[in-house]
Amino acid sequence: MRRIAVLASGRGSNLQALLDAITARTLDADIVGVFSDRLHAPALERVPVELRWSRDAKAYSPRAEFDAELADALDAVRPDWVVCAGYLRLLDERFVARFRGRLLNIHPSLLPAYRGLKTHARALADGAAEHGASVHFVSPELDAGAVVAQARVPILAGDTPDALAERVLAVEHPLLVQVVRLAVAGRIAEQGDSVTFDGHPLLAPLTLDSADPDCLALPTR
Ligand SMILES: Nc1nc2c(c(=O)[nH]1)N[C@@H](CN(C=O)c1ccc(C(=O)N[C@@H](CCC(=O)O)C(=O)O)cc1)CN2
Ligand SMILES: NCC(=O)N[C@@H]1O[C@H](COP(=O)([O-])[O-])[C@@H](O)[C@H]1O
């Protein structure tokens with residue numbers, strides 16, 4: 001259950017959070033590969049070259065050919081879990097079907113609010129009072145999969161998208177680590193369009209306790 005593959009398109013700060021937790025022995029797992037749709041994604045530099053796989057996805061037509069090649073490369077490392085961590089590409093239905101149930105994504109909003117991209121600017125434009133991050137199982141529809149856990153942050157007067165993104169990123173890292181800890185321990189599972197936690201249906205997402213970012217709280221009744 002401990003073999004984790006990570007998909008990343010950018011700088012990889014969420015990947016680094018997983019790597020740091022493994023080094024600190026607070027996450028009992030191994031990163032068995034980092035896969036990117038961008039040939040030289042900075043995230044790739046965070047792991048040894050033998051763990052890297054990347055292609056320029058924009059060079060593939062039709063799109064499905066990239067996803068099929070990515071899926072075969074992932075299968076080759078036998079991951080128990082596949083984590084989308086700053087992965088900025090829609091995964092096609094065939095890919096999702098191959099990994100469904102062990103495919104997680106961290107998204108920078110309190111889903112179902114603000115699916116897609118530019119979540120911080122959209123929350124600010126709406127005058128939202130709070131924002132945050134969600135970790136969810138990946139389904140064919142974008143950012144519509146069952147939500148496992150969420151972390152909330154306040155939106156402050158004068159916030160810019162970058163300032164808000166930085167505040168959200170600070171809770172993304174512990175949130176992702178805590179959910180992946182549950183995943184490798186076999187404590188969460190996707191059950192249709194919902195989540196089971198320790199074998200029981202999760203009626204609402206787990207929440208990151210801001211006082212203790214090393215723990216996720218069960219939803220209050
Ligand atoms: N089938 C799914 N694929 C992915 C999901 C998902 O829930 N279902 N989550 C995403 C991650 N993500 C937000 O968390 C996300 C990824 C990509 C996009 C998007 O619009 N991508 C465009 C290209 C954008 C660009 O290149 O800048 C695209 O794929 O055409 C929005 C949200 C991971 N995949
Ligand atoms: N829709 C996916 C998405 O927007 N993901 C977001 O990309 C940022 C960079 O992540 P990184 O620093 O881990 O690369 C993170 O905020 C992550 O939630």
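For clarity, every value in this text was computed on a predicted model and none was experimentally measured.

A. Region of interest: the site of ligand 2. In the region of ligand 2, the neighbouring residues are R11, G12, S13, N14, A85, G86, L88, I106, H107, P108, L169 and E172. Contact distances for ligand 2 include 2.9 Å between an oxygen atom and a backbone N or O atom of G12. Note that an oxygen atom of ligand 2 is positioned 2.7 Å from one of the side-chain N or O atoms of E172. Protein contact buries 87% of the 450 Å² of open area that ligand 2 shows by itself. When each cavity is represented as a set of grid points, ligand 2 is found to reside in the largest pocket. Within the residue set of the shell around ligand 2, elements represented by two or more residues are α1 (13-23), β5 (103-107) and α5 (161-184). Among the residues forming the shell around ligand 2, the class breakdown is 5 nonpolar, 5 polar and 2 charged.

B. Representation of the layout of surface pockets within the structure. In this model, the largest pocket occupies a volume close to 910 Å³. Forming the boundary of the largest pocket are 37 residues, of which G86, Y87, L88, P108 and L117 lie nearest the centre. Elements with a contribution of two residues or more to the lining of the largest pocket: α1, β4 (81-85), β5, α4 (119-125) and α5. Counting residues per element, the lining of the largest pocket draws most heavily on α5, at 6 residues. For the lining of the largest pocket, the residue count by class is 16 nonpolar, 13 polar and 8 charged. In this structure, the second largest pocket occupies an estimated 150 Å³ of space. Lining of the second largest pocket is provided by Q178, R181, L182, A185, R187, F197, D214, L216, A217 and L218.

C. Expanded view of the site of ligand 1. In the vicinity of ligand 1 lie 19 residues, with R89, L91, N105, H107 and D143 positioned nearest. Between a nitrogen atom of ligand 1 and a main-chain N or O atom of L91, the distance comes to 2.9 Å. Within the contact set of ligand 1, a nitrogen atom lies 3.1 Å away from a backbone nitrogen or oxygen of P140. Computed on the free molecule, ligand 1 has an accessible area of 700 Å², of which 80% lies beneath the protein chains in the complex. The pocket occupied by ligand 1, as judged from atoms lying within 2 Å of grid points, is the largest pocket. Broken down by class, the residue content of the shell around ligand 1 amounts to 9 nonpolar, 4 polar and 6 charged.

D. The UniProt feature "domain: Formyl transferase N-terminal" (unreviewed entry) in the protein chain, seen in detail. UniProt records the feature "domain: Formyl transferase N-terminal" (unreviewed entry) at residues 3-180, using the numbering of this structure. With 33% helix and 23% strand, the stretch residues 3-180 has end C-alpha atoms that lie 11 Å from each other.

E. Seen up close, the environment of L182. Note that L182 resides in helix α5. Given a relative accessible area of 10%, L182 falls into the buried group. The sequence separation of L182 and D198 amounts to 16 residues, and the corresponding C-alpha distance is 9.2 Å. Dropping the residues within four chain positions of it, L182 is found in contact with R187, I188, F197, L206 and L216.

Rules used throughout
Counting of residues starts from 1 at the beginning of each chain's written sequence and follows it residue by residue. Written order decides the labels, with chains lettered from A and ligands numbered from 1. Per-residue local features are limited, in this predicted model, to residues with pLDDT of at least 70; the limit for side-chain atom pairs, both in listing and counting, is 80 or more; totals at the level of whole chains, interfaces and linings are taken over all residues. Computation of side-chain values covers all heavy atoms of the structure but excludes hydrogens and water. Proximity is defined per residue: any heavy atom of the residue falling within 4 Å of a molecule or strand makes that residue near it. Definition of a polar contact: a pair of N or O atoms within 3.5 Å, with one able to donate and the other able to accept a hydrogen when the atoms are protein atoms, and with sequence-neighbouring residues admitted only if both atoms are side-chain atoms. Surface accessibility in these figures is a Shrake-Rupley result with a 1.4 Å probe; residues are shielded only by whichever protein chains are displayed. The method works on a 1 Å grid over the protein atoms by themselves. A cavity is a set of points holding a 1.4 Å probe that cannot get out, a pocket is an open set with protein on both sides within 12 Å along at least five of seven lines, and residues with an atom within 4 Å of a point line them. The rule for placing a molecule in a cavity or pocket is simple: more than half of its atoms must lie within 2 Å of the grid points. The numbering of helices and of strands both runs from the N terminus, where a helix is a DSSP run of H or I of at least 4 residues and a strand a run of E of at least 2. Following the grouping adopted for this structure description, the nonpolar residues are Ala, Val, Leu, Ile, Met, Phe, Trp, Tyr, Cys and Pro, the charged ones are Asp, Glu, Lys and Arg, and the polar ones are all others, Gly among them. Grid points are joined across faces, edges and corners, and a volume is the space filled by probe spheres set on the points. UniProt positions are given in the numbering used here, feature names are shortened, and annotations may be inferred rather than shown by experiment. Only protein chains enter the area calculation, which uses a 1.4 Å probe; residues under 20% of their type maximum are buried, those over 50% are exposed, and those in between are partly exposed. Whether two residues are in contact is decided by their heavy atoms, any of which lying within 4.5 Å being enough.

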